[in-house]
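Tertiary structure, described
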2 protein chains.
Amino acid sequence: MGQVVVHATMSLDGYIAGPDVSIDLPMGREGERLHEWLFARPQDPLDAREALALKNGFGAVVIGRRTFDVGIGPWQDTPFAAPCFVVTHEVRPPLPQKSGTFRFVNDGVASAVRQALAEAGLRDVNLMGAGIVQQALAAGLVDKMRIQVAPLLLGGGRPLFDGPGVPTALRCVEVAPSARVRHLRYRMD
Amino acid sequence: MGQVVVHATMSLDGYIAGPDVSIDLPMGREGERLHEWLFARPQDPLDAREALALKNGFGAVVIGRRTFDVGIGPWQDTPFAAPCFVVTHEVRPPLPQKSGTFRFVNDGVASAVRQALAEAGLRDVNLMGAGIVQQALAAGLVDKMRIQVAPLLLGGGRPLFDGPGVPTALRCVEVAPSARVRHLRYRMD
């Protein structure tokens, strides 16, 4: 069975998007700078490996409603070539896209994670959106984290981690420095 | 002339102390776990190098009032063998200790940093306390950061970085993984 993974880029001060996220500004003010490592060319080999893991590494994705709302415009598709489960209170029929289908889950993150794991088979499930990550961490649903720490203080925005929570020990699995970002990998113990 | 350095250990969720910091609990709940890398034996060579840089690397220290209040008990001395400048509204005479003297600065962090740099000569100045770090960053007074990211989610506490701020690009200088902690080094550009 696959595992549940948080794979996200955050600033050194802990934000995965800048202030004032909206449909028109999906990454918030200055938030695009977080992802420079993904789009820089020539690409550092480590960044290329991580980008590939992000792009092709997941058998299904669980997405928060806010992330879906601001993402669907720029993506013009599912964010990855995999089935996507959007956690929302809104009852909606499945929304097929070029590379996968958005399905809308109304009974919470644990249910969405369960459905995504079933769909992903042996592959991992990615969690997208700070709210989803925080709920999944609080519910003990996360197995691994792959965090890119971008060399940037955003000074505000959407924090990846946001208490109140319980102290949780992580096990460092790997750290890899590229020219542009620090790749940190953890397992939840 | 020396440089102004933030040298601190933070959890992956950005806290340098757990919740409920007090005289009786200077690192907050579970906050002591942040510094396990400093006290673990046998010590990883990288951790030993960084601990030595922290212990002996500074010619002077600027300390926030809150850090001083909760630290003076456990330290029973200055925290490092160097002159210490405590930023406070309270007018107090210098307080000599075994390894240095606490001096109390009443006209703000910029003044304390100036006095500390003058005292440190060619050596660097360390900033202790989240409030001091945040004020120094906002005032553009920080030259370098050496951040240890501990494999731990504290879920609450005292954040090292706390907006509102302006986006600030950092230059990654080094990343070094030990068995216990990730050492990240940045220069402010």
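That block above? That's the structure.
So, a few notes on the structure that sits alongside this text. Given the structure is predicted, the values throughout are model-derived calculations rather than measurements. (Residues numbered from 1 in each chain as written. Chains lettered and ligands numbered in written order. Predicted model: local features only at pLDDT ≥ 70, side-chain atom pairs only at ≥ 80, totals over all residues. Heavy atoms only, no water.)

1. What about the interface of chain A and chain B?
Each partner contributes to the interface: chain A provides 32 residues, whereas chain B provides 33 residues. Of the roughly 2,700 Å² buried between chain A and chain B, counting both surfaces, carbon and sulfur atoms make up 69%. The largest per-residue losses of area from chain A upon contact with chain B belong to A:Leu12, A:Leu153 and A:Arg182, which jointly make up 25% of the total buried on that side. Applying the counting rule to chain A against chain B returns 4 residue pairs in polar contact (both at pLDDT 80 or more). Elements supplying a minimum of two residues to the side of chain A that touches chain B: strand E8 (144-150), strand E9 (152-153), strand E11 (168-177) and strand E12 (182-188) of chain A. Top contributing element to the side of chain A that touches chain B by residue count: E11(A), with 8 residues. As defined by bridge partners, E11(A) adjoins strand E9 (residues 152-153) of chain B across 2 bridges and the pair is classed as antiparallel. Considered in E9(B), the bridge of A:Thr168 is made with B:Leu153. (Contact = heavy atoms within 4.5 Å. Buried area = accessible area lost by both parts, 1.4 Å probe. Polar contact = N/O pair within 3.5 Å; in protein donor to acceptor, adjacent residues only side chain to side chain. Helix = DSSP H or I, 4+ residues; strand = E, 2+ residues; numbered from the N terminus. Pairing = 2+ DSSP bridges.)

2. Concerning helix H5 (residues 130-138) of chain B
Listed in full, the buried residues belonging to H5(B) are B:Ala130, B:Gly131, B:Ile132, B:Val133, B:Gln134 and B:Ala136. Remark: B:Gly140 follows H5(B) within two positions and exhibits a positive phi of approximately 70°. (Buried < 20%, exposed > 50% of the residue type's maximum accessible area, 1.4 Å probe, protein only.)

3. Some words on the relation of the copies chain A and chain B
Relative to chain B, chain A is turned by 180° and slid 0.0 Å along the rotation axis, the superposed coordinates differing by an RMSD of 0.0 Å. The transformation just described matches what one would write down for a two-fold rotation axis. Within chain A, the C-alpha atom positioned nearest to the axis of rotation is that of A:Gly14, 3.2 Å from it. Looking at chain A, 100% of its interface residues are interface residues in chain B too, so the copies touch through the same face. (Least-squares fit on C-alpha atoms with pLDDT ≥ 70 in both.)

4. Looking at the sheet that holds strand E4 (residues 84-87) of chain A
Spatial strand order, E5(A)-E6(A)-E4(A)-E3(A)-E7(A)-E1(A)-E8(A)-E12(A)-E11(A)-E9(B): 10 strands in an open sheet with mixed pairing. The open sheet terminates on both sides in strands that have one partner only, identified here as strand E5 (95-96) of chain A together with E9 of chain B. By the bridge criterion, 4 bridges tie E4(A) to strand E6 (residues 101-105) of chain A in an arrangement that is parallel. Residue pairing across strands places A:Cys84 opposite A:Phe102, the latter belonging to E6(A). Across the face of the sheet, helix H4 (residues 109-120) of chain A comes into contact with strand E1 (4-11), strand E3 (58-64), E4, E6 and strand E7 (124-128) of chain A while running at roughly 160° to E3(A). Strands E1, E3, E4, E7 and E12 of chain A together with E9 of chain B of the sheet are contacted by helix H5 (residues 130-138) of chain A, whose axis makes an angle of about 125° with E7(A). (Axes fitted to C-alpha atoms, helices over the stretch in contact; angles between N-to-C directions.)

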